[in-house]
Amino acid sequence: MRRSRTLVSLIALSFVLSACGSSSSDSGSDSNAQGQEGVLAPYDASKAGGTLTLVAKGAAGTLDPHINYTLQFWQLYQATYDGLLAFRKVDGPKSFETVPDLAEALPELSDGGKTLTFTLRKGIKFSDGRDVTVNDVKASFERIFKVSSPTAGGFYNGIVGADACLAKPATCKLDQGVVVDEATNKIVINLTAPDATINYKLSLPHAVILPADAPSKDAGTTPIPTTGPYMFASYDPNKELKMVRNPNFTEWNRESQPAGYPDEIVYQFGLTAEAQVNAIKNGQADWMLDPIPADRLSEIGTELPNQINVHTLTAMWYLPMNNNLAPFDNVKARQAVNYALDRNAMVKIFGGEQLASPACTFLPPGFPGHKDFCQYTAGASVESPAASWSAPDLEKAKQLVKESGTAGQKVGVVVSDDEVNKQMGEYVQSVLNQIGYKATLKPISSNIQFTYIQNTKNKVQISVSQWYQDFPAAMDFSYILLGCESFTPGSDSSINMAGYCNKALNKRMIDAMDLGVTDQAAADKEWGEIDQAIMNEAPVAVAFTPKQIDFLSARVKNYNFSKQFYMLVSQLQVK
């Protein structure tokens with residue numbers, strides 16, 4: 001999934017981290033955290049109430065959970081919508097585990113893993129008062145295809161009948177793929193092949209269960225009834241999103257869908273980063289999404305250390321290059337960009353080495369399948385990669401541009417219009433000019449940049465983007481972002497922004513997914529080999545792996561950090 005990151009300066013960061021002591025944490029044991037790793041405390045009604053106020057420069061686009069693909073709103077969906085399964089809502093590494101949600105239990109597997117059988121819980125209602133039924137489940141899976149969810153082809157194409165739905169979304173029927181029985185409340189999902197990651201995919205917002213009569217098109221700003229502790233009351237992307245309690249919610253499984261604490265959650269848009277910081281300091285807001293201005297970090301770090309939380313992420317900032325447009329339809333041009341990028345420079349723009357690390361591999365460190373290698377660093381080559389990135393090689397980059405015959409061509413760099421991305425874009429523009437291109441920079445609103453750079457109609461040559469894991473499996477990076485099935489020309493939901501499609505490697509990725517069903521260790525080893533083979537062709541340039549900063553108001557308690565969805569919004573206490 002994608003989200004924007006926080007800008008910090010290297011110097012200011014040192015104040016933050018030194019002031020916060022152990023605030024840099026993978027486990028959530030930081031200065032402001034109240035949660036216990038792996039455990040969500042029992043609900044305490046005496047601490048419920050009040051309004052939690054979140055602030056951001058912009059909204060994240062559509063409110064439709066089957067379409068929206070940003071962490072900004074995925075954080076909210078955790079407290080509003082439910083799937084058959086869910087990621088465990090706890091603090092720390094166990095948040096990568098899946099648990100039953102609307103289903104009574106994890107699926108029973110049969111037919112060699114190709115058939116999953118669930119029983120739907122009874123008594124759960126949508127926020128409009130209607131019962132959740134097995135027919136809603138079947139309709140929801142068909143809706144994933146009808147609305148052309150960005151992961152329909154990448155995550156759910158293994159459901160029997162999905163091929164026809166992908167070909168003709170409007171008339172999607174999954175009569176053989178999702179079989180329901182109203183009498184027994186059973187749901188049977190039939191797959192064309194076993195899928196080692198299916199439980200993860202069924203736990204994501206794109207697979208949540210909506211009413212069967214939800215519109216068969218992007219709902220846009222119109223809220224769809226929910227099942228979680230909150231529902232969306234109103235949404236104006238230029239002003240505010242309001243969540244209120246779902247009057248029909250009763251906690252059925254605290255690990256999958258815990259009762260929430262605030263009476264209301266209000267997301268205000270249109271505030272500058274400076275205004276967001278002031279709002280939090282003054283107690284007018286409780287959390288900010290956008291970049292913290294560099295000149296405020298020293299102040300925040302020294303004055304408010306207990307309000308800062310830092311966590312390592314399985315994510316990356318990277319530069320998708322359009323493999324189907326000049327000059328990046330030439331592999332030497334793409335390799336040249338990889339050699340030329342000074343990852344340290346980009347890390348400094350992001351906030352320094354304590355908030356990010358240079359990277360070359362497509363799979364981030366600590367992720368299943370990751371292996372250490374870097375072809376594009378000083379002294380290394382495709383034939384003889386180094387263990388890690390050390391320094392750029394501008395001369396080699398210039399030579400490759402000459403050899404590619406693309407020197408002097410115009411290249412447009414598209415970035416979001418926040419300060420971090422603009423600085424990244426300015427840096428990339430300067431690098432491209434240094435190695436022989438005539439580069440221009442095009443910052444556009446963060447509301448639309450992500451969808452804009454996906455659509456081939458916009459002829460984006462190179463962009464700055466980010467990817468944060470959907471779930472802890474290698475395919476979520478390699479196959480989702482660079483698989484042939486994730487490339488849909490002319491669509492705002494073509495997540496393979498490079499337009500990369502190597503059919504031989506695509507088959508290896510599909511085979512690796514199959515291997516994971518019976519031997520995950522062997523599959524992960526193969527994913528590491530695939531990663532290196534992909535990067536030999538340099539469809540993208542990976543820049544660095546980031547960390548997450550959460551800056552909260554003084555009144556917020558019970559901070560829990562899920563490695564899957566980050567801060568658990570519904571568990572924050574403001575009373």
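Just so you know, these numbers come straight off a predicted model, no measurement behind them. (Residues numbered from 1 in each chain as written. Predicted model: local features only at pLDDT ≥ 70, side-chain atom pairs only at ≥ 80, totals over all residues. Heavy atoms only, no water.)

Quick question: what am I supposed to make of the overall build of the protein here?
What the protein contains, in helices and strands, is 15 helices and 22 strands. A compact globule built from 575 residues would reach a C-alpha radius of gyration of about 25 Å, and the protein, at 23 Å, matches this within 12%. Across its three principal axes, the protein shows a C-alpha extent of roughly 70 × 55 × 40 Å. Counting over 575 residues, the protein shows a buried share of 60%. The long-range share in the protein, meaning contacts at least 24 apart out of those at least 6 apart in sequence, stands at 72%. Accessible surface, the protein: about 19,900 Å² in total, of which carbon and sulfur atoms supply 50%. Side-chain charges of the protein comprise 50 positive and 60 negative groups, with the mean position of each set lying 4 Å from the other. (Helix = DSSP H or I, 4+ residues; strand = E, 2+ residues; numbered from the N terminus. Rg over C-alpha atoms; globule rule 2.2 N^0.38 Å. Buried < 20%, exposed > 50% of the residue type's maximum accessible area, 1.4 Å probe, protein only. Contact = heavy atoms within 4.5 Å. Areas by Shrake-Rupley, 256 points an atom, 1.4 Å probe, with all protein chains shown as cover. Lys, Arg positive; Asp, Glu negative; His and termini not counted. Charge placed at Lys NZ, Arg CZ, Asp CG, Glu CD.)

Explain the domain arrangement of the protein to me, please; I cannot follow it from the model alone.
As far as domains go, the protein holds domain 1 (82–207) and domain 2 (315–548). Taking only C-alpha atoms, the centre of domain 1 and the centre of domain 2 are 31 Å apart. On the domain 2 side, the residues contacting the 16 residues of domain 1 number 17 residues. Interface of domain 1 and domain 2: buried area, both sides summed, is about 1,200 Å²; carbon and sulfur atoms make up 72% of it. Among the residues of domain 1 in contact with domain 2, Phe96, Phe155 and Ala196 are the three that bury the most area, contributing 33% of the side total. On inspection of domain 1 and its partner domain 2, the count reaches 0 salt bridges. Our enumeration of links across domain 1 and domain 2 arrives at 0 residue pairs in polar contact (both at pLDDT 80 or more). Grouping the amino acids of the side of domain 1 that touches domain 2 by side-chain chemistry returns 9 nonpolar, 5 polar and 2 charged. (Domains from an automatic or database assignment. Buried area = accessible area lost by both parts, 1.4 Å probe. Salt bridge = Lys/Arg side-chain N within 4 Å of Asp/Glu carboxyl O. Polar contact = N/O pair within 3.5 Å; in protein donor to acceptor, adjacent residues only side chain to side chain. Nonpolar A, V, L, I, M, F, W, Y, C, P; charged D, E, K, R; others polar.)

Honestly, the nonpolar core in this entry has me stumped. Any pointers?
One broad rule of soluble globular proteins: the nonpolar side chains tend to lie buried together. Ranked by size, the top nonpolar core spans 165 residues in total, and within it Phe141 and Leu432 carry the most contacts. The element best represented in this core is strand S20 (residues 540–551), accounting for 7 residues. Residue contributions to this core reach at least three from each of two domains, namely domain 1 (82–207) and domain 2 (315–548). Residue contacts for Phe141: discarding those within four places in its chain leaves Leu84, Ile159, Leu174, Val178, Ile189, Leu202 and Ile209. (Core = buried A, V, L, I, M, F, W, Y, C linked by side-chain atoms within 4.5 Å.)

Teacher, can you tell me more about the state of the cysteines here?
Covalent bonding between the sulfur atoms of two cysteines defines a disulfide. What the rule picks out here adds up to 3 disulfides. A disulfide bridge connects Cys360 with Cys374, and the sulfur atoms are separated by 1.9 Å. One end of the pair, Cys360, is in the loop between strand S15 (356–358) and helix H10 (394–404); the other, Cys374, is in the loop between S15 and H10, with 14 residues separating them in the sequence. (Disulfide = S-S within 2.5 Å.)

Help me understand the environment of Tyr468, please; the structure alone is not making it clear to me.
Looking at the secondary structure, you find Tyr468 in strand S19 (residues 465–468). Its relative accessible area of 0% is what places Tyr468 among the buried residues. Each C-alpha atom, one on Tyr468 and one on Thr70, is 9.3 Å from the other, the two residues being 398 residues apart in sequence. A polar side-chain atom of Tyr468 sits 3.4 Å from a polar atom in the side chain of Trp317.

I keep staring at the sheet that holds strand S9 (residues 230–236) and nothing clicks. Help me out?
Two orientations exist for strands paired in a sheet by backbone hydrogen bonds: parallel and antiparallel. Taken together, 5 strands build an open sheet; the order of strands is S9-S10-S11-S2-S12 and the sheet is mixed. Here the strands that pair on one side only, and so sit at the sheet edges, are S9 and strand S12 (287–288). As paired strands, strand S10 (residues 240–245) and strand S11 (residues 264–269) are joined by 5 bridges and run antiparallel to one another. Its bridge partner lying in S11, Glu240 is registered against Gln268. (Pairing = 2+ DSSP bridges.)

So what exactly am I meant to see when it comes to the side chain of Asp531 here?
For Asp531, the position within the fold is in helix H15 (residues 520–536). Buried charge Asp531 goes without a salt bridge, the closest partner of opposite sign being Lys371 at 8.5 Å. Leaving out residues up to four positions away in the same chain, Asp531 has contacts with Thr361, Phe362, Leu363 and Phe373.

Looking at this structure, how should I read the packing of helix H8 (residues 331–340) against H10?
One way to put it is that H8 packs onto H10 with a least axis distance of 8 Å and a crossing angle of 165 degrees. On the basis of the axis angle, H8 is roughly antiparallel to H10. Taken as a pair, H8 and H10 cross one another with a handedness that is left-handed. Only Leu394, Lys396, Ala397, Leu400, Val401, Glu403 and Ser404 of H10 make contact with H8, whose side of the interface consists of Lys332, Ala333, Gln335, Ala336, Tyr339 and Ala340. A per-class count over the contact of H8 with H10 returns 8 nonpolar, 2 polar and 3 charged. (Axes fitted to C-alpha atoms, helices over the stretch in contact; angles between N-to-C directions. Parallel < 35°, antiparallel > 145°, perpendicular 65-115°, else oblique. Left-handed = near helix turned anticlockwise from the far one by under 90°.)

What should I look at first to understand unusual backbone geometry in this one?
Leaving glycine out, the prevailing phi sign among residues is negative, and the prevailing peptide bond configuration is trans. Cis rather than trans, the peptide bond between Ala326 and Pro327 has omega equal to 0 degrees. Relative to the elements of secondary structure, Pro327 occurs in the loop between strand S14 (315–320) and H8. Phi is positive for Asp111, which is not a glycine, with a value near 55 degrees. Within the element layout of this structure, Asp111 appears in the loop between strand S5 (108–110) and strand S6 (115–119). Residue classification places Asp111 among the exposed residues on the basis of a relative accessible area of 51%. In this structure, Ser148 takes a positive phi of about 55 degrees despite not being glycine. Relative to the helices and strands, Ser148 is located in the loop between helix H3 (134–146) and helix H4 (162–167). Overall, the relative accessible area of 39% leaves Ser148 in the partly exposed class.

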